[in-house]
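# Residue-level structural notes
Here is how the chains run, residue by residue.
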Amino acid sequence: MKRFIFATAKYESGDWESAPNLPAALLDLMAKYTTIDCAPAGVIVELGSEELFEYPFVWLTGHFPVRFTERERANLRRYVDRGGFFVIDDHNHDIEGAFHLSVVEEINRTFGPLETVPNDHEIYTCFFEFEDGPPTTSHELNGWGDQLIHEELFAITRNGRICLLYSNKDYSSEWDLRPDTKRFMSLDPTRFGLNLIVYALTR
Amino acid sequence: MRRWIEHGLHAVAIAAMVAAAVSMLLGQGARPGGPVDASDLPNRLQEWTRFPPSELSVRLDMLPEAQDRAWLTALNAAGTEVVWGNSGAEALPPLGLAVEPVADPHQPMRIWAALGSATAGEVLERLSADPMVTEPVASLQDSSTLIRPSLAGAVLLQTPQAEAVANRRDNLTLKPLLLLGHASWEARFTAAALEEHGWQVDARLVLSPEQVAGQMPAQSPQPQAAQARGGRDATARAGAGRGGAAAGGTARGGAAQGAPEAIGAPVDPGVLRPEIDIENYSAVLLLDETATEPAEVLAAYVESGGGLLAFADATDTPGLATLLPAGASGVVEEAQPFQDLPGAQDTGAGPARNPRDRLELHPLTDLVPAAHVLERRGESVAVAIVRRGDGRVTQVGYADIWRWQMSAPDETAPEAYRAWFAGLVSSVAHAPRGEHALLPERALRADPAPLAAWHAAFGPPQPGDLGTGDRQSAFTPDERLFWLLFALAGAALLAEWLLRRLRNQA
Amino acid sequence: MTTASHDLAILRKTRRGLLLRAAMISLLSAAGVVWLMLTLSALLRPLLPSIAEWLNLLLLPAAAAVVGVVLWRHRHARSSLRVALWLEEQIPELGYSLVTLADGSARDSSYAEKIAQRVQSVRSRAGWPAALSLPGVGWHVLRAVAPLAFAAVLAQILLATGWTYNWAFVSGGAAVPGQRAPGNRIAVLQGELTPPAYTGWPTEVLDNPERIGGLVGSQVSLRGEGEDTRGIEARIGDGDPLRLDAAPQRSGWVLGFAMPALPSGLLLTDGDNRRVIVLEPRPDEAPQVRLTLPEVDAERRETTGELELAASLRDDIGLAAGWFEVLVARGPESGDYGFSEERLFQRPFDTAEAELRGTTELGNFNLNPGDQILVRAVVQDVNDVTGPGIGYSETRTIRFLRDIPEADVEINPAPPPIDESLMSLRMLIRDTERLEARRPELERAVFLAEVAPLLMHTGNIRVKVQGFVDEASVGGSFNVPELLLFALDEMWEANRQMTIAETDDALVHMRNAYDALMTLFNLTRYFLRGEMLPAHAEVDEVRMTGEEPVHATVRSQREREDSVRQQLAAQLAVLSGNLDATAEWLDEHVALMQVAALRDLPEAAAALEGLSRALRQGESLGPALAEARAVLEGPAQVEVGLSGWAPLPGRSE
C-alpha cells in the first residue's frame, strides 16, 4: 500500500516553493501521534501534470499572484471532483495582497464562490480539538500582513466534504519549521495540520 | 298482408332460436377430434369450452403460453382427457428463467436464462401488457447469466418455439458494511465509494493503536428499497459538519464491545461497537493487516453466512489464510501510470482499455479447489471467491485501487470505480430475503419453465405417433353460426316491431 | 249552434291539436337528435374521430328524417275527414257517424242532428283521445320526446364530467399529445423567438413547438387559444408563475419570457391539461483570446528595456473591447510582496475577430530584481443581456532574477541564456537523440566526428554536477543528497559511453541523470541558491512519541451520490414501470428527463428525444426505451453459463 506522501503543488506563476520545511514539520507530527505509514519528506508535484493525481493531499502556497494555466485549472477541477484534498494557504497573510486576490479569482473561475467553514466543523475536532475554529498564528498575533486575525477558513465542498480548503492564516509561515526547532516550543503549532491530514484520510 | 308478414317474421325469429338451441345440444356430445397443433390452441380453446370434447390430442409443435396451458388444464380438470406428444423428431427446448435481486443498494437484477437444447434465444423485458411493450435486453447463443441494472417489468426468454416469463420475486435486506484497516487513501476512497453508491459503511480506520476513527452504531436492518433511497436518509440523520456525533458511536481507543440494546438511545461516544455478526453487517472489508479484530471472529462471521472481502495488503493477517481462496501471492506486478489510458469509458472491452491494468497487482496463486476466479489480468488471477460455510470470501489482488478513481482520465471513472467496488461487495454480501415484492397479478403471468410446467400439468408425452388423421367431431358448430342465428332472430323481431309500430299496434 | 256544427267545430279543433302535436314533436325530436348526435360526436372524437366526423355530417339529414317520420306518422291530420276517420279508428263506437258528419253527405239530411247527437253521446261515454285537449298535446309531446332528451342529457353529463378523456387515455386511443381535446387552450401554440438585439439575428417563428432552442436571453413569445387567461398557468422549472396576458380582441392569450440560462421545462397547465415544452438555451460563448507575445515565460536580469505584447481575439458573435492586464508583483528585494495592476492598450472593437498589439517600456514599472510581471490579455464581448462575456488569455510570467549565481543553473528546462557556454543537459540529450537517429545513415568517421563535441559537453556537465556534490558536502562535512550522487554516477557512465561512441547507451544514463537532477532541483531550489536543503522528518525515531491529548472522532456517513446518468436511469426505470399511465404523464416525464439530460448529460439527450418522439407519434416504445437505457445504463452484462457468481462490472476476464 502506498504510504502517505505530502505533496506541494508547483504552479507556473508565483513562488510555489516558499514554505520548503512545512511538509517535514507536519510529517514529524504525524509520526509522533499516528502509526500511519508516511514518507519522511514531501514531494513537489506540478499542478499541470498527471502526476498530481497520485497525491490526494496537496499543499499550495505562495506570495506572488497566482494565474493558473488552462491545464492547471482543469487539473485542479478534476482533482477536487475526484476526491483529492487540496489546501491553499495565503503566505502573504494579506487579503489585499496579490496572492489572495488572484487565487480567489482563480477559485471563483474554477469552482464558484468559496463557502465559509463553520468553526464547529469536524475538521477542528477530528484529532486535536480546536474549540474556537482555526488556530491563530503568530503572524496574525504580531499584526503582520493585513493585521487581521482571520476567524474562519473557507472551502469548496463536494457531497458535504471539504475538498479544497482556503486559508488566509498564513500557516505556511507558521509551520515552515524544521522538526528539530519544535523541540523548543511548549506547544506544537502544527497540530491543526495533522487534523487536516486525518480529515483527508478518514472522511 | 302486413299481419302475414308480421307472423312470418315472428316464426323466423322462433325458428332461429330453436336452431341455435339444437346446435348447442348437439355440440355437447362431440366426439374427440384428431390431433391439434399447440400453435392452434388459442383458436380452439373457446370452442372446446363451449363444446367440451371428451378427449383431446395435442401435438406440441411449440410450447403454448401460460394462459393457454392453464385453460387447457382447466378443461382437463373439467373432464376432458388431454394426451400430447412431440411434433416430429425434435423435442422442444426446456427453457428456464430465474430473476433474483443482487445485494446492492441500486437493486440490479441477476437473470439466469437457460436455453436447454435451443441454439439461440432472445431476452426481453415486458414493460406493459396493454399496449404490449417489450424492450430487447440481449441475444443469447447459450445459457447465460445476465446482470440488468434495473428491472421494471417481467423478463421474457424467447425462442421460436417457446417463451419463458419470470418476475422478480423477492426483496433483499441489506445491512451496513464493516470496513477495517489503517487510515489510508485506500480506506478513505473505498468507504467513500461504497457510501456514495448507497451502502452504509461502518469504517473503523486505525490512526494508532489507541485511536480508531470512524465508527458508527449498528443500524436496524433495512429493506433494500430503503437503502436504495439513499444513504440520503441515513446521512440526513448523520448530519454534516460535526455530524459524527449525531450518528452516535465513536472510535475512542479501547472501546467496549457492542451493546445492541442501546441502539436508538443517546449513545455515549466510545461505548458502541457492534459485534461482527450477520445481524449487524452484510459484509466485512479487510483492507490491511492492522485490523484489531481477531481472525477467529471473522472466521465465525463467514461460517455463519457473512461475506468477507480481503484486499492485497490484508492477506498476511494472522489466522486469515484458511479463509482465503488463494494460498499465496505471486510476483507483484508494478503499478503503471494512467496517462496513456484512453479517455473513453471503460466497459471491460479489453485489457488495453481497462483501468485496473494500471494498478499494482499481487497475483493470486495456489487457489483452493473450490475457488472461482472472478477476474483475471492477463494470465494472473486478480479476484477470486470461495464459499466458506454459509458465507463467502472474495480476495482481491489489486493494491492502491484508489488510483483508479483519482487518476483514470475517463470522465466516468468515479462511477465505474464505485460500480466495480459495489460488484465486489455484492459477490459476498449477506442479504436475507425480505418481504415479497411481487404483485399477485404478475405472479400469475410468470411462466419461468414452460416445458416443465407442461409436463407437470399433462404428464409425460404419449409414446409414438399421435396420428395425422383429420377426424372431426360429429358436429362442431361454428361460432359464427350462433351469431348468425342470433342476428336473424333479432332482425326478424325488430322488423315485426317496426311494422306493428307503423300501423300503431305496438 | 246545432249539435252537428258543434261536432264539426270539435273535429276542427282536434285536427288543430293534432297538427300542433305533430309540429311540436317533429321539431323537438329533430332538436333532440341533433343534440344527441353532437354530444356523441364529442364523446367519440378522442377514440373514433372518423365516426365523430360522420356524425357531424349527418346532423341535418338526421334532423330532416326525424321531422319527416313524425309528420308521416301524423299524416291523418291532413284533413278533417282523415281526422274523423282516425277518430273512428280510435273509437269504434262512433259507427262512422263522425265521418258522415264530416264528409257533409248528411248535411242536408234530417239525420244530421241525430248523427251529431250520437257523436255527442259517444263522446260523453267513451274517452275522447287525450291528445285532443291542449294538456293532452303537451303530455303526448313530452312522452314522445322524453327518451331522446334523456339520452342527450345523459351524454351531455358524461361529456361535461370529462369522462371522455379518461376513457380515451385508458383505452390508449388518444395517446397522441398535441391532438387537441375540446376546450384545451394549450394544445396549439404559435409564437416567435427573438434573439437579443446585440446579435442582430432575425426573429424565428415557432409553430406549436415541443422544443424551443435559442440564445440565452432571447425573448420568447407564445400565443394560445381561448377567450381569456383564466386557469392557465405557465412556469419555468420550479420558478414562479409567468405572467400571461389576454391577446387583443379576445383571440387568445399571450405568454412572454426570456430564454433561461440552463435547459429547463416550460410547464403549461389550463386546469385540465398539462404540457411541457423543453427550453434548450444556447449560451453566448465567452470570447477567446490567445496571448502571442510574450510567447513563453521568461527570466531576465535587466529590469529595463521594451516589452512587446500581442494577442489574437475572437468571439462567436462580436467583440466589444480588449486590453492587456499587467500585474507587477514585488519580490522580497522590494521590501514586501505588494503588487500593482495596470491596463494597457485598451481599445474597442466591432468585429468578431481582431488583433491587439503594443510595446511598453519596462522602466515604467520601477522593477527590482526578484519582482515578477504577469501579463495576460483580456477581452469583452458585446453581450449586454447576460454578459458581458469576458475571456482571459494564459498568463505569462517574467521573473527578474536576483543576483545569485546559482539561480540560473542549466538544468532548468527554460531556454538557457545565449551567452552561456555550457550546453544544458537537456540540449545535450536532444542533440544526442538527433545524432542517434541519424546514426544508421552516417559513415563511422562522420559519426565519430559528431560525437566528439557532444562528448565534450557531457564531460562539462559531469564536472558541473561534481561541483554540486562538492558544494553540498562542503569538504565532506555534510551528507550529499542521494539524488545528486546518483546523477553524478549516471553522468560518469554517460561520459564513458560517449567516449566509446555508444550514444544509445549514453542516452539512457543522461536521461536518468536529468530526471534525478530535475527532482533534486524541484526539491532544492533554495539549496541551489545557496540555501539549506528542505528538512525531512525522522519518522521512525519520533514514532508515537507525542504527548498531547488527542481523540479520533466519528466520521459521518457520506450521502449516496448517484451520477446524473444513474439518476436519469432511475427515472427511466420509473417510466418503464408506468407505461400504462396517461399519455400526458409519460410525455411530461420524458420532457423533464430531456431537460435534465440537456443540462448535465448531453450525450443522452438524443436517445431521450427518440423516446419522446416514439411516445408522441404512437410508435413502438420498446426499441426507443432500449436505446435510452443503453445510453444511460450501458448494455446488460452477459456471462455465458449459469454461474452461481455475479459477473463483476467491467471485468476483464
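Definitions and limits used
Sequence positions are assigned chain by chain, starting from 1 and proceeding in written order. Naming scheme: in the order in which they are written, chains are lettered from A and ligands are numbered from 1. Selection of residues for local features in this predicted model requires a pLDDT of at least 70, selection of side-chain atom pairs for listing and counting requires 80 or more, and totals for whole chains, interfaces and linings are taken over all residues. What counts as a helix is a DSSP run of H or I of at least four residues, what counts as a strand is a run of E of at least two, and both are numbered from the N terminus. Exposed residues have 12 or fewer other C-beta atoms within 10 Å of their own C-beta, buried residues have 20 or more, and partly exposed residues fall in between, where C-beta atoms are placed from the backbone. We call two residues in contact when the distance between their C-beta atoms, placed using the backbone, is within 7 Å. Polar here means any residue other than Ala, Val, Leu, Ile, Met, Phe, Trp, Tyr, Cys and Pro, which are nonpolar, and Asp, Glu, Lys and Arg, which are charged; Gly is therefore polar. Note on definitions: angles span 0 to 180 degrees between N-to-C directions of axes, and those axes are lines fitted to C-alpha atoms, for helices only across the stretch in contact. Roughly parallel covers angles under 35 degrees, roughly antiparallel covers those over 145, roughly perpendicular covers 65 to 115, and oblique covers all other angles. In a left-handed crossing the near helix is turned counterclockwise from the far helix by less than a right angle, and in a right-handed crossing that turn is clockwise. A pair of strands is considered paired only if DSSP assigns at least 2 bridges between the two. Here the expected length of a helix is defined as 1.5 Å per residue gap, with one fewer gap than residues. Per-residue confidence from the predictor is given as pLDDT, running between 0 and 100. Defined on buried residues, the nonpolar core groups Ala, Val, Leu, Ile, Met, Phe, Trp, Tyr and Cys residues joined through C-beta atoms within 7 Å. By arc we mean the arc of the directions from the helix axis to the C-beta atoms, nothing more.

## Overview of the overall build of chain C
Counting its regular elements, chain C contains 18 helices and 19 strands. The buried share of chain C, taken over its 653 residues, is 35%. Across chain C, every contact between residues at least 6 apart in sequence was considered, and the portion connecting residues at least 24 apart equals 65%.

## Quick look at the overall build of chain A
Looking only at helices and strands, one finds 6 helices and 7 strands in chain A. Along its sequence from the N terminus, chain A presents helices and strands in the succession β-α-β-β-α-β-α-β-α-β-β-α-α. By residue count, 64% of the 203 residues in chain A fall in the buried class. By sequence separation, contacts in chain A at least 24 residues apart represent 76% of the contacts at least 6 residues apart.

## Things to note about the interface of chain C and chain A
If you look at the interface, chain C gives 34 residues, while chain A gives 39 residues. Where the side of chain C that touches chain A is concerned, the elements lending two or more residues are strand 13 (319-329), strand 16 (372-381), helix 12 (503-523), helix 13 (525-528) and helix 14 (539-542) of chain C. In terms of residue count, strand 16 of chain C provides more of the side of chain C that touches chain A than any other element does, 3 residues in total. When the residues that make up the side of chain C that touches chain A are grouped by side-chain class, the tally is 15 nonpolar, 8 polar and 11 charged.

## Let's talk about the packing of helix 2 (residues 41-50) of chain B against helix 3 (residues 66-77) of chain B
All names here are of chain B. Running from N to C, helix 2 and helix 3 cross one another at 30 degrees; their axes reach a closest spacing of 10 Å. The angle between helix 2 and helix 3 places the two elements in the roughly parallel class. At the point where helix 2 passes helix 3, the crossing takes the left-handed sense. Contacts between helix 2 and helix 3 pair Leu41, Pro42, Leu45, Trp48 and Thr49 from the former with Asp68, Trp71, Leu72 and Leu75 from the latter. Split into classes, the residues belonging to the contact of helix 2 with helix 3 amount to 7 nonpolar, 1 polar and 1 charged.

## Some words on the sheet that holds strand 5 (residues 233-236) of chain C
All names here are of chain C. Taken in spatial order, the 4 strands line up as 3-9-8-5 in an open sheet, and their pairing is mixed. Edge positions in the open sheet fall to strand 3 (211-215) and strand 5, since each of these has one partner strand only. Each neighbouring strand pair of the sheet contributes to a mean axis angle of 20 degrees, computed without reference to strand direction. By the bridge criterion, 6 bridges tie strand 8 (residues 264-269) to strand 9 (residues 274-282) in an arrangement that is antiparallel. Bridge pairing in strand 9 links Leu268 to Arg275. Against the sheet, helix 16 (residues 583-600) makes contact with strand 8 and strand 9, and its axis sits at roughly 15 degrees relative to strand 9, the strand it touches most.

## Some thoughts on helix 16 of chain C
Residues and elements named next belong to chain C. Over its 18 residues, helix 16 extends 26 Å from the first C-alpha to the last, a length consistent with the 26 Å expected when each residue adds 1.5 Å. Where helix 16 is concerned, the buried positions are Leu586, Asp587, His589, Val590, Ala591, Met593, Gln594, Val595, Ala597 and Leu598. Buried residues along helix 16 sit against strand 8, strand 9, helix 15 (564-576) and helix 17 (602-616).

## What about the pairing of strand 13 of chain C?
All names here are of chain C. Of all the 11 residues making up strand 13, 9 are buried; the element is thus mostly covered by neighbouring parts of the structure. Pairing between strand 13 and strand 16: 10 bridges, direction antiparallel. Within strand 16, the position partnered with Ala321 by the bridge is Gln380. Two elements, strand 13 and strand 14 (residues 339-348), share 8 bridges in a ladder whose sense is antiparallel.

## Here we look at the confidence of the model for chain C
All names here are of chain C. On average, residues of chain C score 80 in pLDDT, and 85% of them are at 70 or above. Mean pLDDT values over the elements of chain C span from 40, in helix 13, up to 92, in strand 12 (residues 306-314). Segment residues 163-181 is flagged for pLDDT under 50; beyond a separation of four residues in sequence, or across chains, it makes 39 contacts in the model. Here residues 524-531 is modelled with pLDDT under 50, and outside its nearest four sequence neighbours on either side it reaches 15 contacts, counting other chains as well. As scored by the predictor, the complex reaches a pTM of 0.70 and an ipTM of 0.96.

## Digging into the sheet that holds strand 15 (residues 353-361) of chain C
Residues and elements named next belong to chain C. Strand order in the open sheet made by the 3 strands is 10-12-15, with antiparallel pairing throughout. Each of the sheet's edge strands pairs with one partner strand only, and the pair in question is strand 10 (288-293) and strand 15. Across the sheet, the mean angle from the axis of one strand to that of its neighbour is 20 degrees, orientation sign disregarded. Pairing analysis gives 5 bridges linking strand 10 to strand 12, with the strands arranged antiparallel. Bridging from a neighbouring strand, Arg290 pairs with Ser312 of strand 12.

## Here's the deal with the pairing of strand 16 (residues 283-288) of chain B
Residue and element names in this part refer to chain B. Among the 6 residues of strand 16, 6 are classified as buried, and the element is accordingly described as predominantly covered. Bridge analysis of strand 12 (residues 177-182) against strand 16 gives 4 bridges, and the strand direction is parallel. Paired with Leu180 across the two strands is Leu286, which belongs to strand 16. Bridge count between strand 16 and strand 17 (residues 307-313): 5 bridges; the pairing is parallel. Opposite Val284, over in strand 17, you have Leu308 as the bridge partner.

## Some details on the packing of helix 15 of chain C against helix 18 (residues 621-633) of chain C
Residue and element names in this part refer to chain C. Closest axis-to-axis distance for the helix 15/helix 18 pair is 9 Å, and the angle between their directions is 155 degrees. Here helix 18 runs roughly antiparallel to helix 15, going by the angle between their axes. Classified by chirality, the crossing of helix 18 by helix 15 is left-handed. In this structure, helix 15 uses Arg565, Leu568, Ala569, Leu572 and Ser576 to contact helix 18, whose residues at the interface are Leu625, Ala628, Arg629, Leu632 and Glu633. A per-class count over the contact of helix 15 with helix 18 returns 6 nonpolar, 1 polar and 3 charged.

## Thoughts on the nonpolar core
Counting residues in each nonpolar core, the largest one holds 257 residues, and the members touching the most others are Val284, Leu308 and Val425 of chain B. Looking at this core, the element that brings in the most residues is helix 10 (residues 413-428) of chain B, giving 10 residues. Setting aside residues no more than four positions away along its own chain, Val425 of chain B makes contact with Leu177, Leu194, Trp199, Ala283 and Leu309 of chain B. Core analysis: the second largest hydrophobic core is formed by 34 residues, Leu8, Ala22, Met37 and Leu87 of chain C among them.

## Quick word on the environment of Val70 of chain C
All names here are of chain C. Note that Val70 resides in helix 3 (residues 59-73). Judged by the 21 C-beta atoms lying within 10 Å of it, Val70 falls in the buried class. Setting aside anything within four residues of it in sequence, one finds Val70 in contact with Ala22, Ile25, Ser26 and Ser29.

## Re unusual backbone geometry
Residue and element names in this part refer to chain C. Of the consecutive residues Leu293 and Pro294, the connecting peptide bond is found in the cis state with omega at -5 degrees. Along the chain, Pro294 falls in the loop between strand 10 and strand 11 (298-300). The phi dihedral of Asn208 falls on the positive side, at around 45 degrees, and the residue is not glycine. Structurally, Asn208 is set in the loop between strand 2 (204-207) and strand 3. According to the C-beta neighbour criterion, Asn208 is partly exposed, with 13 such atoms within 10 Å.

## Things to note about helix 8 (residues 295-303) of chain B
Residue and element names in this part refer to chain B. Taken together, the buried positions of helix 8 are occupied by Leu298, Ala299, Tyr301 and Val302. For helix 8, the arc enclosing every buried residue in end-on projection is 160 degrees, short of the 170-degree limit, so these residues lie on one face. Where helix 8 is buried, its residues touch strand 16, strand 17, strand 22 (380-388) and strand 23 (391-396). Where helix 8 terminates, the next one or two residues include Gly305, which has phi positive at roughly 120 degrees.

## Details of the environment of Ala452 of chain B
By the element assignment, Ala452 of chain B lies in helix 12 (residues 450-458). Its 14 C-beta neighbours within 10 Å are what place Ala452 of chain B among the partly exposed residues.

## As for the environment of Leu207 of chain B
Residue and element names in this part refer to chain B. Along the chain, Leu207 falls in strand 13 (residues 201-208). Residue class for Leu207 comes out buried when judged on the 27 C-beta atoms lying within 10 Å of it. Sequence separation of Leu207 and Ser184 is 23 residues, and the distance between their C-alpha atoms is 9.0 Å.

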